[in-house]
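Structural characterization, general
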Amino acid sequence: MHPNKRWSRRSVAVFWAPLVLSGVMALTPGASRSADSPREVVELTSQRVLGVLNSGESDDEKIKRLEQIAYSTIDFDTVSRLVLAKNWRQFTPEQRQQFEEEFKRALTVSYGKRIGQFGQEKVVIVGERQEPLGDVTVQSHIVGGKVKSGDVKVDYRLRQKDGTWYVIDVIVEGVSIVSSYRTQFQEIINRGGPDRLLAELRDKNARGEGLAPAETTKKKI
Amino acid sequence: MKTRDTHGLALVAAVMALALGSGGCAASHGPHAEPSATAEQEKIDPWEGGNRKVFSFNEAIDIHAIEPVARGWNKIMPAQVQESLTNFYSNLRYPVVFLNDLFQGKPGAAALETGRFLVNTTLGFGGFFDPATTWGLPRHEQDFGLTLGHWGLDSGRYLMIPLLGPSSVRDLTGEIVDIPFDVVSIVASWYITLPARAVQVINTRSAFLDIVDENRRAAFDYYVFLRDAYLHHRESELTEGGAPARSGAAEELYYPDTEKDSP
């Protein structure tokens, strides 16, 4: 199989993992189809994800559709800026474009493996918090399914852009994905600037999941 | 091995506490091992050099011993058994949770925890089942590290502990203070304590196989990922899921200054 094909099969972004989990939350049958509040965005997205997961389609097809959902729910442009922070200025417009593409891809490559494992979880939206400068954080608990040791707290931070709310960060048990990658990228940029970061991203993407430690570990057993 | 993770529920929590994840990129690529240069990181992790060595050691132990055993455990043990064991160890944490609730001036939480303990120890058959959660008394976590934080202490320097994983000066102090209140350690002799701990470690690790895999794969530098995750998770435990105590940090995170010199 062509390597690109392999990646796309694995393509579920890190951001989606919680969204995928949220899928089972579609317990609100009558929910409105237009998602104009942050809470509705999270609820509606969860329903759409559930619809895909429980459809009879092939994994490839499911992943393609989940990808579309993620790309329309997450504001990757803003996410890229947040992750690069002050380093954004060092990047040329082309480099920024490349970064966004490679980063998106890196996330999908890394987190695509688990699509078959979701389904039994339930997501309960427990509240929302208005942040000081306009963002809204929707708080949820993921219960059951693969999560054997209790509830997992997942927060979604949303920001409005042109009248629509987009997810700009996912915070799992207090750990912000934006913050996590920002710290890691900062170290790489310190060592070799934007070029080094882009090279490492490409390298990681090119290696795909074939070289991931998880694979080799599994084979050993 | 750390006990707070057995009920730490959170993927991240357990990943961190066991800390025996693999370094994937971090371990296998020389450049990643270079210490970081930013002032902020030097402040929180001035012992990065030594910490990274301990980290590599922990990774090796996990990859070659703990994870394989946990995978086998996961295969042979029914999910209900694993869950019951998790409940059992969680229930034994009661004295630690109770006392730290009191130390933090939360008598209500301490009382609820007592109710949980009584219900689960009796109706839950020695803690193997968790009817209390069903009845609206969910488990919550406490430790002396959080108490110190509650009293206003910063986490202090980041520390990677051999076999135990990520910690900090404050949290390690807390772990040590909590030891005398740990039921498994105080009630039983070593020939019970040791196997009990071993089962606890393997059982906990087996609940986080996929998550650790995922984090290893996704991280560009797993050491840095783990450090960041640990510190942020602890911070969120301290604020109990509310807004971060340091709102300046949140503002920097979500409104970075990217506009200058931007076209």
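Below is a short write-up of the structure.

Cut-offs applied
Residues numbered from 1 in each chain as written. Chains lettered and ligands numbered in written order. Predicted model: local features only at pLDDT ≥ 70, side-chain atom pairs only at ≥ 80, totals over all residues. Heavy atoms only, no water. Core = buried A, V, L, I, M, F, W, Y, C linked by side-chain atoms within 4.5 Å. Buried < 20%, exposed > 50% of the residue type's maximum accessible area, 1.4 Å probe, protein only. Contact = heavy atoms within 4.5 Å. Salt bridge = Lys/Arg side-chain N within 4 Å of Asp/Glu carboxyl O. Helix = DSSP H or I, 4+ residues; strand = E, 2+ residues; numbered from the N terminus. Phe/Tyr/Trp six-rings, centres within 6.5 Å; stacked < 30°, edge-to-face > 60°. Lys NZ or Arg CZ within 6 Å of the ring centre and 35° of its normal.

1. Digging into the nonpolar core
In terms of nonpolar packing, the biggest core is built from 43 residues, with V83(A), F99(A), F103(A), L158(A), Y181(A), F185(A) and L197(A) touching the most fellow members. Excluding residues within four positions of it along the chain, L197(A) makes contact with L84(A), F91(A), F99(A), F185(A), I188(A) and I189(A). With 16 residues, the next largest nonpolar core counts F55(B), Y158(B), M160(B) and Y223(B) among its residues.

2. Some remarks on the pattern of salt bridges
Evaluated as defined, the whole model comprises 35 salt bridges over all chains. Among the ionic pairs, D221(B) bridges to R52(B), the shortest N-O distance being 3.0 Å. Highlighted residues: D221(B) in the loop between α13 (209-218) and α14 (222-239) and R52(B) in helix α4 (residues 48-76), separated in sequence by 169 residues. Across the pair, exposure class does not vary: D221(B) and R52(B) are buried alike. In this structure, D130(B) engages R139(B) in a salt bridge whose closest nitrogen and oxygen atoms are separated by 4.0 Å. Look at D130(B) and you get buried, because its relative accessible area is 16%. Because the salt bridges share partners, they merge into one network encompassing E187(A), D45(B), E48(B), R52(B), D221(B) and R227(B).

3. Brief notes about unusual backbone geometry
Residues and elements named next belong to chain A. With a phi close to 50°, E173 is a non-glycine residue in the positive phi region. Following the sequence through the fold, E173 ends up in the loop between β4 (164-172) and β5 (175-176). By relative accessible area, which is 6% here, E173 ends up buried.

4. Considerations on the packing of aromatic side chains
Enumeration over the complete set of coordinates arrives at 23 aromatic pairs over all chains. Centroid distance F99(A) to F103(A): 5.4 Å. Interplanar angle 15°. Geometry classified as stacked. Linking F99(A) with F103(A), this pair stays in helix α6 (residues 93-111), spanning four residues, or about one helical turn. On the basis of relative accessible area, F99(A) is assigned to the buried category, the value being 0%. With a centroid separation of 5.5 Å and an interplanar angle of 70°, the aromatic rings of F88(B) and Y89(B) are classed as edge-to-face. Exposure remark for F88(B): the relative accessible area of 22% places this residue in the partly exposed category. Aromatic ring contacts, followed pair by pair, group F91(A), F99(A), F103(A), Y181(A), F185(A) and F220(B) into a single cluster. If you follow K104(A) out to its NZ or CZ, it ends over the ring of Y71(A), 4.3 Å from the centre. If you follow R157(A) out to its NZ or CZ, it ends over the ring of Y254(B), 3.7 Å from the centre.

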